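Chain and residue survey
Here's the letter readout for the chains.
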Amino acid sequence: MDERKLSGNDAVATLVAWRHSLHRHPETAFEEHQTSKFVADTLRAHGLQVVTGLGRGTGVLAILDGKGGPGPAIGLRADMDALDVCEANSHNHVSSIPGKMHACGHDGHTTMLLGAACQLAQDPDFAGRVYFIFQPAEENEGGGRVMVEEGLFDQYPMDCVYALHNWPGLAAGEAAVHSTAVMASFDIFRLKLTGKGCHAAMPHLGKDAVLAACQLV
């Protein structure tokens, strides 16, 4: 089986192999060099036009024009980065990088978009253009924002962009669509608590910042 080609009865096995390989070699924010090379090489092997070096160097964009003539420009996006998490699994495709793993499923996201791109490239029976956006640094580092700031949509205008996130609790073969926000995000902030020292025998004359911090938490 050609590890780069997606075709026929071997398609599912190929996708599984891609995902396992990505899982074994996790790379974190803006360090997805091996991942982006694999993505770009695979896309080129299926005849897609590929742009690399986006998003501080590791973002990848593929372009596919439909054979139906002019039409809308649609973006399909997936993230590629892993997390700084130690993997405590024993399966054959466990992370080979100590302290890093695909704990949020981006190896699956990358595989799904790569599979979609390669499948569509075999028979682009649609009108318009599809951009396949492989984004670095989704976890904490704002890779999507970086790609936009670097001019992604100025150079490659799109009418809309679609993405998805894996959802282990959803039955296989089903997809869910929501009209509002679904998944929580995080923010970073700092609090400064200022206390007042005192003699240990007279704590009522002081202001204990540690106690206040405990109550605040």
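Details of the structure are given in the entry above.
Residues numbered from 1 in each chain as written. Predicted model: local features only at pLDDT ≥ 70, side-chain atom pairs only at ≥ 80, totals over all residues. Heavy atoms only, no water.

What to know about the side chain of Glu27
On the secondary structure map, Glu27 appears in the loop between helix H1 (11-24) and helix H2 (33-45). It turns out Glu27 is buried and unbridged, and the closest side chain with the opposite charge, Lys100, is 9.3 Å from it. Within the structure, Glu27 has its side chain in polar contact with the backbone nitrogen of Gln34 (distance 3.0 Å). A polar contact of 2.7 Å, which involves the side chain of Glu27, links it to the side chain of Thr35. If we skip the residues at most four places from it in the chain, Glu27 touches Glu32, His33, Gln34, Thr35, Met80, Asp81 and Ala82. (Helix = DSSP H or I, 4+ residues; strand = E, 2+ residues; numbered from the N terminus. Buried < 20%, exposed > 50% of the residue type's maximum accessible area, 1.4 Å probe, protein only. Lys, Arg positive; Asp, Glu negative; His and termini not counted. Salt bridge = Lys/Arg side-chain N within 4 Å of Asp/Glu carboxyl O. Polar contact = N/O pair within 3.5 Å; in protein donor to acceptor, adjacent residues only side chain to side chain. Contact = heavy atoms within 4.5 Å.)

Description of the packing of aromatic side chains
Under the counting rule described, the total for this entry stands at 2 aromatic pairs. Measuring from ring centre to ring centre gives 6.1 Å for Trp18 and Phe38, while their planes differ by 80 degrees; the resulting arrangement is edge-to-face. A residue pair is termed long-range when its members are at least 10 positions apart, and Trp18 in helix H1 and Phe38 in helix H2 qualify at 20 residues. Phe38 sits in the buried class, given a relative accessible area of 13%. Sitting over the face of the ring of Phe30, Arg56 holds its NZ or CZ atom 4.4 Å from the ring centroid. (Phe/Tyr/Trp six-rings, centres within 6.5 Å; stacked < 30°, edge-to-face > 60°. Lys NZ or Arg CZ within 6 Å of the ring centre and 35° of its normal.)

Overview of unusual backbone geometry
The phi torsion at Arg56 lies on the positive side, around 60 degrees, for a residue other than glycine. Relative to the helices and strands, Arg56 resides in the loop between strand E1 (49-54) and strand E2 (59-65). Exposure remark for Arg56: the relative accessible area of 55% places this residue in the exposed category. Of note, the phi angle at Ala137 is positive, near 55 degrees, even though the residue is not glycine. Along the chain, Ala137 falls in the loop between strand E4 (129-135) and helix H4 (143-149).

Things to note about the nonpolar core
With 24 residues, the main nonpolar core has Val39, Leu43, Leu48, Val60, Leu114, Phe132 and Phe134 as its most contacted residues. Contributions of two or more residues to this core are made by H1, H2, E2, helix H3 (106-122) and E4. Element by element, the count of residues in this core is highest for H3, at 5 residues. Apart from residues no more than four positions distant in its own chain, Phe132 is found in contact with Leu48, Val60, Leu61, Ala62, Leu64, Leu76, Leu113, Ala116, Ala117 and Leu120. (Core = buried A, V, L, I, M, F, W, Y, C linked by side-chain atoms within 4.5 Å.)

Side note on the pairing of strand E3 (residues 73-79)
Across 7 bridges, the pairing between E3 and E4 is parallel. Its bridge partner lying in E4, Arg77 is registered against Ile133. In this fold, E3 hands off to H3, which returns the chain to E4; that crossover is right-handed. Here E3 pairs with strand E5 (residues 160-163) via 4 bridges, running parallel. Opposite Ile74, over in E5, you have Cys160 as the bridge partner. (Pairing = 2+ DSSP bridges. Right-handed = clockwise from strand over helix to strand, strands pointing away.)

Some points on the pattern of salt bridges
Counting across every chain of the model gives 8 salt bridges. Across the pair Arg44 and Asp41 runs a salt bridge, and its minimum N-O distance is 3.7 Å. Taken as a pair, Arg44 and Asp41 lie in helix H2 at a separation of 3 residues, close to a single helical turn. The class of Arg44 is partly exposed, set by a relative accessible area of 43%. Asp84 serves as the salt-bridge partner of Lys100, at 3.0 Å between the closest nitrogen and oxygen. Residue Lys100 is located in the loop between E3 and H3, and its partner Asp84 is located in the loop between E3 and H3; the two are separated by 16 residues in the primary sequence. Taken together, the shared-partner salt bridges in this structure form one network comprising Lys37, Asp41 and Arg44.

Some points on H2
Helix length check: H2, at 13 residues, gives a terminal C-alpha distance of 18 Å against a target of 18 Å (1.5 Å per residue), a fit within 8%. Along H2, the residues that are buried comprise Thr35, Ser36, Phe38, Val39, Ala40, Thr42 and Leu43. Looking at the buried positions of H2, the neighbouring elements they touch are H1, E1, E2, H3 and E4. Phi turns positive, to about 85 degrees, at Gly47, one or two residues after H2. (Expected span 1.5 Å × (residues − 1).)

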